[in-house]
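These are the residues of each chain, in order.
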Amino acid sequence: AGDPLDLGVQLAAANDKMKDILAGDFAANSATVTGKIKLAQAPGLNPFAPGGMRFYLEFSSGAVGLFFRASSDTTGAMTYNVGKIVTGATGGKSFSSDFTIPVKGKLTGSTIVMTVATPALKPLATFKAGSKINQIFASSFGVISTPATGLLLGGDETDPAAKPYVFGSKSCLVPLK
């Protein structure tokens, strides 16, 4: 019948596609900021992440680190939010969500798109035409324990974009309405 460990490794490899990031995209103008994460497989119930999945698109405006987050819960339902990245004294990152800022999110197949009105981000950061958005990259995590302990299982992440995005640049990324 085979070694149970082999079966577990095979199942884990198959489920990694839910965390495997193929690409990310970003666009911002005076009306909206939109982020997109393309996965190898649509996120869903994952026995190796029983607490759900987390997908982040991080970006920096000046010295302020921000993120979009798409989260799936234990039923596979998705929620979306935005927030600020706080770097601790030892260099570790903490993601502080601002649930008062409305984020429109949509999962279509294996693509997650999130849009927020640019003026709504004012409590977190200020964006100006021509300013540079740096350190754009995506990451994924599986939640392997309870919300109280918050233990995350690392997934995948992209390299930061080679060039900064210039606020207001034309993009083929369509904001959600």
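1. A closer look at the packing of aromatic side chains
Inference 1: Under the criterion given, the structure shown has eight aromatic pairs.
Inference 2: When the centroid spacing of 5.7 Å and the interplanar angle of 65° are considered together, the rings of Tyr56 and Phe67 count as edge-to-face. Highlighted residues: Tyr56 in strand β3 (residues 53–61) and Phe67 in strand β4 (residues 64–72), separated in sequence by eleven residues.
Inference 3: Residue Tyr56 is classed as buried on the basis of its relative accessible area, which comes to 4%.
Inference 4: Between Tyr56 and Phe95, the aromatic rings sit 4.5 Å apart at their centres with planes inclined by 40°, giving tilted as the arrangement. Here Phe95 lies in strand β6 (residues 93–97) and Tyr56 lies in strand β3, a separation of 39 residues in the sequence.
Inference 5: Members of the aromatic cluster, each reached through a chain of ring pairs, are Phe26, Phe59, Phe68 and Tyr165.

2. Here's the deal with the environment of Thr79
Inference 1: For Thr79, the location among the structural elements is in strand β5 (residues 78–87).
Inference 2: Between the C-alpha atom of Thr79 and that of Lys104, which follows or precedes it by 25 residues, the distance is 9.2 Å.
Inference 3: Not counting chain neighbours up to four residues away, the residues in contact with Thr79 comprise Arg69, Ala70 and Ser71.

What counts and what doesn't
- Residues numbered from 1 in each chain as written.
- Predicted model: local features only at pLDDT ≥ 70, side-chain atom pairs only at ≥ 80, totals over all residues.
- Heavy atoms only, no water.
- Phe/Tyr/Trp six-rings, centres within 6.5 Å; stacked < 30°, edge-to-face > 60°.
- Helix = DSSP H or I, 4+ residues; strand = E, 2+ residues; numbered from the N terminus.
- Buried < 20%, exposed > 50% of the residue type's maximum accessible area, 1.4 Å probe, protein only.
- Contact = heavy atoms within 4.5 Å.

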